[in-house]
Amino acid sequence: MGLDSSKENNKHAHLPSEPHRYLHEESGVIPAPLTVIRELRHTGPVEGIQPLKVAACSFSPDDDTTLVTVTTLATPPFRTLRAGFVQCWDLEKPEEGHDSSLFTYSPRPNCPFSPDGELLSIILNSGAGQLILVEREGCCLEPCNIQCTNGDRSLCARALCCVFSNDGKKAVTVSNVTLELYRGREIHEICLWRVCSKRKVRSIWKVSCEVALPRFAGHFHSCVFSPDSSLLAISSSLGQLYIVQGNSLELFAAIDKETIPNNACTCAFDPRFGHKRLGASHQKGDFRIWELEENPGKFKCVKKKDIVEEPVELLTFAFSPDGYFIAFGLSDGKTLICDSISLHCIHELNPGLLNIQEDESANMNQIEALDFAVTSLAFAKSCQEIAVGHCNGILRIWQLPLRMDLMHICRIVITSLVSGKKIHLLPLPNSLKRFLLFSYINLNREFLLDAEESL
C-alpha cells in the first residue's frame, strides 16, 4: 500500500489525547438491536401547555456521546417558525438533563457543525456586519459573534441558515430580504463567504434565488454542500431542487423546477461520492437519487421509489456517515432503515409499539399521527445508533444491528484511538485518510500544512 514499515514514524508526538468517543465503550455491553437506549424529553416554556417538536438533531463530529437538538413550537411539519431553542445533551448522563438552552432565531431542518466541530450553524441573531452562531466546547454552548467584512447589509434582514463547506474554507448564508420598492415583497438572498478564521468571514458573492434559479418559488427549505465542497444543493417548500457552483453560486443544474403545494423537498448528498450522487425526498412520498455529470446541466435519475403513499407523508431522510444506509422519517411516526443501493427496507422503527407496551390500554386509533411524526434524524458516526426526533418533543436513540464488515470495524477502532483533527498526521495514503474521515476532500499539500498549523 505504499508504506515503508522500516522507517520510523517521527510524528508520534502528535498523536491525540482526545480521541473520538463512542456511545458504547469497548468493554461495555451493547444493547439488543432495534431497541431504544436513550430517550430525551423536551418541554416548552410552560410545561404541559405548549409542546415542542424536535425540528433538528445532530451528533457531534468528534463525540457520539454529545447530541445537539433544535426544538420549536409544535406545528404542521413544514410550517416555518423562526423561534426555537438549541440544547446540547450528554448521552452518558441523560438523567442529568442538558446544557442551558439558547434561544435560536431560525431553526432549519438540520443543525450542521463546522468541519472542526467547534461551531454549530444555527442562527441565534444577525445584525449589520455580524452573524451570531453557536460555539460549542464539550456540552457547553455559547453565542459566537462572527464578523462579516465588506458590510453585507442583508445580514440586517432575517437570516435563515448558515452552512459551512466540508473543507472549512467557505460558508453560505441564506436570508429573507424585504424589497420596499415592491410593496414589501420578500426575496431569498444567498451570500457566499470566505472563511478567514473561526470568527471572521469575508464576502465573495451574493445573488437572489429568484434571479439565479429558474422559476424559484415558495420558501427556502434546505441547503447542503457536496462532500467535496464543489457544489451546493438548494430545495424549496414547493418541491423544487437546484444545484449551484460552490465557488461562484452560478447555476449548475435545475433538476426540478415544477412547483407542487405541500410537497417540500429535502436533499442530501451521498457521502460516498465527491459530488456525483444527490438524494432528494418529497413530502408526498417519492424519493430519487440523481447522478450529476461533470458538465453543467447534465444529470439523470438513477433510482426512484415511492417510499410511502397517502395519507402518510415522507417528512425527512438522512444518509448514514458511510453511505450504506438511508433512514426515512414518516408522518405516522415510523422510521425506515433502507439499503442505499436497492432502497429495500431492512429495519422499521415504530415508537407506537413502544407506547402500547407501556400502556396496554392505549388505543392506536385514538393516537393522532402528528403526535409521533418524525421531524428529524441523525446517525452517529459509528453508524451503530440513530437519533429520531418527533413532533411531541421526544427524541429516542435506537441501537442498530452491528455491521460485520472488516473495513468498517477497522475504521471504527482507528477513529476511537485517533482524533479526527490528527488523522492527517498518520503515515497512511491520502485515500485511507479520507476513508477514515468519511471525507472526499482532496488532501493536498496545502491542506495538510493548514492542518498541522492548526494543531
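Residues numbered from 1 in each chain as written. Predicted model: local features only at pLDDT ≥ 70, side-chain atom pairs only at ≥ 80, totals over all residues. Heavy atoms only, no water.

Below, the discussion takes up the overall build of the protein chain. Helix and strand counts for the protein chain stand at 5 helices and 27 strands. Counting across all 455 residues of the protein chain, residues that qualify as buried make up 51%. Residue pairs in contact within the protein chain that sit at least 24 positions apart in sequence constitute 50% of those at least 6 positions apart. When the accessible surface of the protein chain is split by element, carbon and sulfur atoms take 51% of a total near 21200 Å². (Helix = DSSP H or I, 4+ residues; strand = E, 2+ residues; numbered from the N terminus. Buried < 20%, exposed > 50% of the residue type's maximum accessible area, 1.4 Å probe, protein only. Contact = heavy atoms within 4.5 Å. Areas by Shrake-Rupley, 256 points an atom, 1.4 Å probe, with all protein chains shown as cover.)

To continue, consider unusual backbone geometry. The omega angle of the peptide bond from E310 to P311 is 10 degrees, so this bond is cis rather than trans. Mapped onto the elements, P311 comes out in the loop between β20 (299-306) and β21 (314-319). The phi torsion at N262 lies on the positive side, around 55 degrees, for a residue other than glycine. The topology assignment puts N262 in the loop between β16 (251-256) and β17 (265-269).

Under the criterion given, the structure shown has 15 salt bridges. Between E39 and R41 there is a salt bridge, with the nearest N and O atoms lying 2.8 Å from each other. Residue classification places E39 among the partly exposed positions, given a relative accessible area of 31%. Given a relative accessible area of 53%, R41 falls into the exposed group. With a closest N to O distance of 3.3 Å, E118 and K198 form a salt bridge. With E118 in the loop between β5 (102-104) and β6 (119-127) and K198 in the loop between β11 (185-197) and β12 (200-208), the pair connects residues that are 80 residues apart, well separated along the chain. E118 gets classed as partly exposed once you look at its relative accessible area, which sits at 26%. (Salt bridge = Lys/Arg side-chain N within 4 Å of Asp/Glu carboxyl O.)

Residues at a pLDDT of 70 or more form 80% of the protein chain, whose mean pLDDT is 82. Per-element confidence in the protein chain ranges from a low mean pLDDT of 41 for helix α5 (residues 445-453) to a high of 97 for strand β22 (residues 325-330). Note on residues 1-17: pLDDT is under 50 here. Beyond four places in sequence and across chains, it has 17 contacts. This model gives residues 443-455 a pLDDT under 50, and the stretch forms 18 contacts once residues within four places in sequence are excluded. (pLDDT = per-residue confidence, 0-100.)

Another point: the environment of K433. Within the secondary structure, K433 is located in helix α4 (residues 430-436). Note on K433: relative accessible area 6%, which makes it buried. As a C-alpha pair, K433 and R411 span 22 residues in sequence and 9.9 Å in three-dimensional space.

As summarised here, the arrangement of the 4 strands in space is β2-β3-β4-β5, forming an open sheet in which the pairing is antiparallel. The open sheet has two free edges, formed respectively by β2 (52-60) and β5, since each of these has just one partner strand. Ignoring strand direction, the axes of neighbouring strands in this sheet form an average angle of 30 degrees. Of the strand pairs in this sheet, strand β4 (residues 84-90) and β5 are connected by 3 bridges, and their pairing is antiparallel. Looking across to β5, one finds that F85 is bridged to F103. (Pairing = 2+ DSSP bridges. Axes fitted to C-alpha atoms, helices over the stretch in contact; angles between N-to-C directions.)

What the 4 strands build is an open sheet, ordered β1-β27-β26-β25; its pairing is antiparallel. Bordering the open sheet on either side are β1 (36-41) and β25 (374-379), each of which pairs with just one other strand. Geometrically, the sheet is characterised by an average inter-axis angle of 15 degrees between neighbouring strands, direction not taken into account. Two elements, β25 and strand β26 (residues 385-390), share 5 bridges in a ladder whose sense is antiparallel. By the bridge assignment, L377 is partnered in β26 with V388.

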